[in-house]
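Listed here are the chains, written in short residue letters.
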Amino acid sequence: MAHLPFSHALRVYWEDTDAGGVVFFANYLMFFERARTEWLRAVGFAQQRLRDDTGAIFVVADTSVRYVAPARLDDLLEISVHIAEAGRASLSFRQEARRAGALLAEGTIRIGCVDAGTFRPRRIPNELLSTIATR
């Protein structure tokens, strides 16, 4: 399944760093989440609209991150989003954090689609699956 990668730029702020002056390791997961949210918005499905219109939300089911080099205060990062696999009820992504092209962290994240009221697994809305299948 070939999908075009998506990229989201973000700046590192004080709140993102630890006592050593580098981005706290868990914050890369937040950066990846922000980029996936902006990817979803870019393909026409803002999170709140998706919930309101379909009752579907996404939850993180699995993560794996490899840290290569630190990001620091004021760095401008590019966070990429690439769909690795699209199932009926889950999506798997490959994501990277880069600074000026240099790899800082890379991860795989699997999200599951659940009903917003019950948190039970459900199919990803067909309209969303159709949209991402053409990208």
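Preceding block: the structure.
All of the points below concern the structure found in this document. If you're wondering where the values come from, they're calculated on a predicted model, not measured in any experiment.

1. Quick notes on the side chain of Arg36
Part 1 of the argument: Structurally, Arg36 can be placed in helix H1 (residues 27-42).
Part 2 of the argument: Polar contacts involving the side chain of Arg36 include one to the side chain of Glu33, which spans 2.5 Å.
Part 3 of the argument: Arg36 has contacts with Val60, Val81, Phe93, Gln95, Ile109 and Ile111, leaving out every residue within four places of it along the chain.

2. A look at the packing of aromatic side chains
Part 1 of the argument: Under the definition given, this model contains five aromatic pairs.
Part 2 of the argument: Ring geometry for Phe25 against Tyr67: centres 6.3 Å apart, planes inclined by 90°, an arrangement best described as edge-to-face. You can see Phe25 sitting in the loop between strand S1 (6-11) and H1 and its partner Tyr67 sitting in strand S2 (residues 56-67), a full 42 residues away along the chain.
Part 3 of the argument: We classify Tyr67 as partly exposed; its relative accessible area is 39%.
Part 4 of the argument: Ring plane angle 75° and centroid distance 5.4 Å describe the contact between Trp39 and Phe93, whose orientation is recorded as edge-to-face. With Trp39 in helix H1 and Phe93 in strand S4 (residues 90-99), the pair connects residues that are 54 residues apart, well separated along the chain.
Part 5 of the argument: You can call Trp39 buried: its relative accessible area is 8%.
Part 6 of the argument: What makes Phe93 buried here is its relative accessible area of 1%.
Part 7 of the argument: Put simply, the rings of Phe24, Phe25, Tyr28, Phe31 and Tyr67 touch in pairs and so form one group of aromatic residues.
Part 8 of the argument: Above the ring of Phe45, the side-chain terminus of Arg49 is found at 5.3 Å from the ring centroid.

3. Looking at the environment of Thr37
Part 1 of the argument: Looking at the element boundaries, Thr37 is found in helix H1.
Part 2 of the argument: Sequence separation between Thr37 and Arg122 is 85 residues, and the spatial gap between their C-alpha atoms is 19 Å.

Definitions and limits used
Residues numbered from 1 in each chain as written. Predicted model: local features only at pLDDT ≥ 70, side-chain atom pairs only at ≥ 80, totals over all residues. Heavy atoms only, no water. Helix = DSSP H or I, 4+ residues; strand = E, 2+ residues; numbered from the N terminus. Polar contact = N/O pair within 3.5 Å; in protein donor to acceptor, adjacent residues only side chain to side chain. Contact = heavy atoms within 4.5 Å. Phe/Tyr/Trp six-rings, centres within 6.5 Å; stacked < 30°, edge-to-face > 60°. Buried < 20%, exposed > 50% of the residue type's maximum accessible area, 1.4 Å probe, protein only. Lys NZ or Arg CZ within 6 Å of the ring centre and 35° of its normal.

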